[in-house]
Amino acid sequence: MPETTRERLTSGGWKELEFGPFRDAVTIHWIRPFEGDQPGVALLKYEPGASVPRHRHEGLETILVLDGVQSDETGDYISGSYIVNAPGSEHSVWSETGCIVLIQWDRPVKILEEETA
């Protein structure tokens, strides 16, 4: 039996879930929070114009765009796009129109802008 499930995510089932604060104009619904050395799995909801500052991936990150368009320095990713960011890679993320993504991080990311602030 699965540890946890979320129904109909690709057909809008995420609209029925509760989201909490994550970053300015980005909210989170944890499916499986980080625990020990285990990966974290969540849904992130970006409001139109929201962004996450430049950060480094301390582990593998995978993203499935469920709705809207997520962007970074290498392009725009429409609904249905699957993105893999390797450990050690860096980027910033934004959404002009707003989006919802399913994300799995092997390790929490390191926000780089906060290092120089």
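For clarity, every value in this text was computed on a predicted model and none was experimentally measured. (Residues numbered from 1 in each chain as written. Predicted model: local features only at pLDDT ≥ 70, side-chain atom pairs only at ≥ 80, totals over all residues. Heavy atoms only, no water.)

Enquirer: Is there a simple way to explain the overall build of the protein chain in this structure?
Expert: Along the protein chain, the regular secondary structure elements total one helix and 10 strands. Start at the N end of the protein chain and walk to the C end: the helices and strands fall as β-β-β-β-β-β-β-β-β-β-α. Taken against the 2.2 N^0.38 rule, which gives 13 Å for 117 residues, the C-alpha radius of gyration of the protein chain at 14 Å falls within 12% of a compact globule. Overall, the protein chain is about 40 × 35 × 25 Å in size when its C-alpha atoms are taken along their principal axes. Considering only contacts in the protein chain between residues 6 or more positions apart, those separated by 24 or more positions represent 65%. When the accessible area of the protein chain is evaluated, it comes to approximately 6,800 Å², of which 50% is carbon and sulfur surface. The distance from the centre of the 10 positive side-chain charges to the centre of the 20 negative ones in the protein chain is 3 Å. (Helix = DSSP H or I, 4+ residues; strand = E, 2+ residues; numbered from the N terminus. Rg over C-alpha atoms; globule rule 2.2 N^0.38 Å. Contact = heavy atoms within 4.5 Å. Areas by Shrake-Rupley, 256 points an atom, 1.4 Å probe, with all protein chains shown as cover. Lys, Arg positive; Asp, Glu negative; His and termini not counted. Charge placed at Lys NZ, Arg CZ, Asp CG, Glu CD.)

Enquirer: What's the story with the UniProt feature "domain: ChrR-like cupin" (unreviewed entry) in the protein chain in this structure? I'm lost.
Expert: Taking the UniProt record as the reference, the feature "domain: ChrR-like cupin" (unreviewed entry) is found at residues 16-103. Here residues 16-103 is 0% helix and 64% strand, with 18 Å between the C-alpha atoms at its ends. (UniProt positions renumbered as here; feature names shortened; annotations may be inferred.)

Enquirer: Hey, could you run me through the pattern of salt bridges in this one?
Expert: Oppositely charged side chains can pair when the atoms bearing their charge come close. Per the stated rule, a full pass over the model turns up six salt bridges. Here E73 and R54 are joined by a salt bridge, their closest N and O atoms 3.4 Å apart. With E73 in the loop between strand 5 (61-72) and strand 6 (75-78) and R54 in strand 4 (residues 50-56), the pair connects residues that are 19 residues apart, well separated along the chain. Note on R54: relative accessible area 32%, which makes it partly exposed. The salt bridge involving E90 is made with R54; its shortest N-O contact spans 3.6 Å. You can see E90 sitting in strand 8 (residues 90-95) and its partner R54 sitting in strand 4, a full 36 residues away along the chain. (Salt bridge = Lys/Arg side-chain N within 4 Å of Asp/Glu carboxyl O. Buried < 20%, exposed > 50% of the residue type's maximum accessible area, 1.4 Å probe, protein only.)

Enquirer: What is the right way to look at the layout of surface pockets in this model?
Expert: Empty space left among the atoms is revealed by rolling a probe the size of a water molecule over them. Of the voids in this model, the largest pocket is the one considered here, and its volume is about 220 Å³. Secondary-structure elements contributing two or more residues to the lining of the largest pocket are strand 1 (20-23), strand 3 (40-46), strand 4, strand 5, strand 8 and strand 9 (99-105). Looking at the lining of the largest pocket residue by residue, the class counts come to 14 nonpolar, three polar and two charged. (1 Å grid on protein atoms, 1.4 Å probe; cavity = no way out; pocket = protein on both sides within 12 Å on 5 of 7 lines; lining within 4 Å. Points joined across faces, edges and corners; volume = space filled by probe spheres on them. Nonpolar A, V, L, I, M, F, W, Y, C, P; charged D, E, K, R; others polar.)

Enquirer: What am I meant to see in the packing of aromatic side chains here?
Expert: Where two aromatic rings form a pair, the distance of their centres and the angle of their planes describe that pair. Following the criterion strictly, the structure yields four aromatic pairs and no others. Ring centres of F22 and W105 lie 6.3 Å apart, and the angle between their planes is 25 degrees; on these two criteria the pair is classed as stacked. Of this pair, F22 sits in strand 1 while W105 sits in strand 9, and the two are 83 residues apart along the sequence. Aromatic pair W30 and F34: ring centres 5.8 Å apart, planes at 70 degrees, arrangement edge-to-face. In this structure an aromatic cluster arises from ring pairing among F22, W30, F34 and W105. (Phe/Tyr/Trp six-rings, centres within 6.5 Å; stacked < 30°, edge-to-face > 60°.)

Enquirer: What should I look at first to understand the side chain of H57 in this one?
Expert: Take H57: it is sitting in the loop between strand 4 and strand 5. Using a relative accessible area of 2% as the deciding quantity, one classes H57 as buried. Contacts of H57, omitting those with residues within four sequence positions, involve N85, A86, P87, G88, S89, H91 and V109.

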